[in-house]
Number of protein chains: 2
Amino acid sequence: MRPKIYLFGDSITEFSFDDGGWGVSLANHFSRRLDVVLRGYSGYNTRWALKVLDRVFPTAESGAAPPLAVSVFFGANDACLPDRRGAFQHVPLDEYKQNLHSIVSSLKDDTLGYGRAWTLVSACLKRWPKALILLITPPPVDEDARIRHPYVENPSGLSERTNEAVGCFAKACVKTAGECGIPVVDLWTRMQQYPDWRKAYLSDGLHLSQEGNKVVFEEVLKKLNEGGLSLENLEVDLPLFSDIDPGDPFKAFQQ
Amino acid sequence: MRPKIYLFGDSITEFSFDDGGWGVSLANHFSRRLDVVLRGYSGYNTRWALKVLDRVFPTAESGAAPPLAVSVFFGANDACLPDRRGAFQHVPLDEYKQNLHSIVSSLKDDTLGYGRAWTLVSACLKRWPKALILLITPPPVDEDARIRHPYVENPSGLSERTNEAVGCFAKACVKTAGECGIPVVDLWTRMQQYPDWRKAYLSDGLHLSQEGNKVVFEEVLKKLNEGGLSLENLEVDLPLFSDIDPGDPFKAFQQ
């Protein structure tokens, strides 16, 4: 059966099957090779993600085939400021980092709540030890655009997020990846390397434009490739039309 | 876990996650409610589809959760004429009809090769008896455009398909759906109701333009809705952001 990769995150993941979205671009890139399964939950932060993780993914005991990879893309909501609109989405920086650790170890080891010592003696509880877990930092935020495009009335006239605060969450995400020994896409830094990033990459100061989606697609693809998930390495699901012999089509279907 | 629907077919299914494609439009429409899983195989006819069916879908014994629906969308390649380019894709009309019957009964009953009598005494072999199986006829063909856009050199100057022949396959598909008591989208008829169908709905005389994709999306959605698969009837996977109480966010996550 065709293998899969999960995209786990907030609205930037949930909306990634929109026209030109990074999720559907991955699905098309890996067409006939793997399924891209969206698990994006608009508005969610790492605290809520952790709360629902065992309802999002099959457990180790389910017998479900492990995915080849899982992207974990949270932080944009955790970074809402605690004294502005969206405060109830805010997660303190230390907790964000700890939550990311817990998400990663839960995906790898399925021992959420038991801690590392338990993992060592309990191999049967490992969830997906071989899956490539990829962290993605939140993208930068354009504060002016956030005020122009509020989701709900915002009489304060202040952005619910600042780019500086989001940058702290991005740095914590990068640090967590290092501590876990897993790859990370530092979107916050990558996008700001382009001077016109606000207009080019964002649609409302927070979510991605088509160009922004392209950046995420390319950066995630690079990390998947580096982790061995490339068109060359992945088997095609059933013979390609070009590999079917017009003189003896059934030959291609012999197992 | 989130339920799924499978889209099973040829290139018109395989390419349905392209920009504006009918597959990704379904995925976005049912976002957070179900997964749309592409099983499109470019160039395939029903003969080859039947040959690989048990490698495409999990068997009844696998323990995998049954899908809510499967669309079966073949015929465009079966309808290649037996005396032109693409002859090796041709399937005689009677066999096409029989193959569709076999595909439907295999998805429902998993008794491929055993016949109906066996099904009755062998409930344990039933694959997905409750899944909505939806047939889709091939779309009409624009012969002039097929000559202008050949995939491979075609010195004969004759289209490998005629719209008249495709129409016979479409009629056989509709008839099969009636015999099986399952819904069908008669795309061949539906598209030709619009006088400018050649330019509006097709990109190369065979595959779908964005407008053509929109027609397929709308017609398939209508049938899914009629079969009870609608936004109203399907559960949302985990609480929507709008249903989370800012004063007590965790309340929404209590099971």
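As shown above, the structure is provided for reference.
Calculation criteria
Residues numbered from 1 in each chain as written. Chains lettered and ligands numbered in written order. Predicted model: local features only at pLDDT ≥ 70, side-chain atom pairs only at ≥ 80, totals over all residues. Heavy atoms only, no water. Helix = DSSP H or I, 4+ residues; strand = E, 2+ residues; numbered from the N terminus. Rg over C-alpha atoms; globule rule 2.2 N^0.38 Å. Buried < 20%, exposed > 50% of the residue type's maximum accessible area, 1.4 Å probe, protein only. Contact = heavy atoms within 4.5 Å. Axes fitted to C-alpha atoms, helices over the stretch in contact; angles between N-to-C directions. Parallel < 35°, antiparallel > 145°, perpendicular 65-115°, else oblique. Left-handed = near helix turned anticlockwise from the far one by under 90°. Least-squares fit on C-alpha atoms with pLDDT ≥ 70 in both. Pairing = 2+ DSSP bridges. Salt bridge = Lys/Arg side-chain N within 4 Å of Asp/Glu carboxyl O.

Focus on the overall build of chain A
Next, step 1: Helices and strands together make up the secondary structure of chain A, namely 10 helices and 5 strands.
Next, step 2: Relative to the 2.2 N^0.38 estimate, which gives 18 Å for 255 residues, the radius of gyration of chain A is 20 Å and therefore close to what a compact globule would have.
Next, step 3: Seen along its three principal axes, the alpha-carbon backbone of chain A occupies a region of about 70 × 45 × 30 Å.
Next, step 4: Considering chain A as a whole, with its 255 residues, one finds that 56% of them fall into the buried category.
Next, step 5: Within chain A, counting contacts between residues at least 6 apart in sequence, those at least 24 apart form 75% of the total.

Side note on the packing of helix H3 (residues 46-56) of chain A against helix H4 (residues 93-109) of chain A
The angle between the axes and the distance between the axes are what describe a pair of packed helices.
All names here are of chain A.
Next, step 1: Interaxial distance between H3 and H4 falls to 9 Å at its minimum, and their mutual angle equals 20 degrees. Here H4 runs roughly parallel to H3, going by the angle between their axes. Handedness of the H3/H4 crossing: left-handed. For the pair formed by H3 and H4, the contact residues are Thr 46, Arg 47, Ala 49, Leu 50, Leu 53 and Asp 54 on the first element and Glu 95, Tyr 96, Asn 99, Leu 100, Ser 102, Ile 103, Ser 106 and Leu 107 on the second.

Considering the relation of the copies chain A and chain B
Next, step 1: Superposition record for chain A on chain B: RMSD 0.0 Å, screw rotation 180 degrees, translation along axis 0.0 Å. Look at the turn and shift together and you get a two-fold axis relating the two. Scanning chain A for the C-alpha nearest the rotation axis identifies Asp 19 of chain A, at a separation of 2.8 Å.
Next, step 2: Mapped onto chain B, 100% of the interface residues of chain A again fall at the interface, so both copies present the same surface.

Brief notes about the sheet that holds strand E1 (residues 4-9) of chain A
Residues and elements named next belong to chain A.
Next, step 1: On the basis of which strands lie adjacent, the open sheet formed by 5 strands has the order E2-E1-E3-E4-E5 and parallel pairing. Only two strands of the sheet have a single partner each, and these edge strands are strand E2 (35-40) and strand E5 (184-185).
Next, step 2: Of the pairings in the sheet, the one linking E1 to strand E3 (residues 69-73) comprises 5 bridges and is parallel in character. Bridge pairing in E3 links Phe 8 to Val 72.

Regarding unusual backbone geometry
Next, step 1: Its identity is not glycine, yet Arg 32 of chain A carries a phi of approximately 70 degrees, on the positive side.
Next, step 2: Assignment of secondary structure puts Arg 32 of chain A in the loop between helix H2 (22-29) and E2.

Remarks on the pattern of salt bridges
Next, step 1: Scanning all chains against the criterion turns up 30 salt bridges over all chains.
Next, step 2: Across the salt bridge formed by Arg 190 of chain A and Glu 219 of chain A, the nearest N and O atoms sit 3.0 Å from each other. Separated by 29 residues along the polypeptide, Arg 190 of chain A in helix H8 (residues 187-192) and Glu 219 of chain A in helix H10 (residues 210-226) bring together distant segments of the chain.
Next, step 3: Classification of Arg 190 of chain A by relative accessible area gives partly exposed; the value is 24%.
Next, step 4: The buried category is assigned to Glu 219 of chain A, whose relative accessible area is 12%.
Next, step 5: Measuring nitrogen to oxygen at the nearest pair gives 2.8 Å for the salt bridge that ties Arg 47 of chain B to Glu 95 of chain B. Of this pair, Arg 47 of chain B sits in helix H3 (residues 46-56) while Glu 95 of chain B sits in helix H4 (residues 93-109), and the two are 48 residues apart along the sequence.
Next, step 6: Salt bridges sharing common partners tie together Arg 2, Asp 35 and Asp 237 of chain A together with Arg 39 of chain B.

Things to note about the sheet that holds strand E1 (residues 4-9) of chain B
Residues and elements named next belong to chain B.
Next, step 1: Across the sheet, 5 strands lie side by side as E2-E1-E3-E4-E5; this open sheet has parallel pairing. Single-partner strands in this sheet number two, and they are strand E2 (35-40) and strand E5 (184-185).
Next, step 2: Direction of pairing for strand E4 (residues 132-136) relative to E5: parallel, over a ladder of 2 bridges. The residue bridging Leu 135 from the neighbouring strand is Val 184, located in E5.
Next, step 3: Sheet strands in contact with H4 are E1, strand E3 (69-73) and E4, and its direction is about 160 degrees off that of E4.
Next, step 4: Packed on one face of the sheet, helix H7 (residues 163-180) meets E4 and E5 and runs near 160 degrees to E4.

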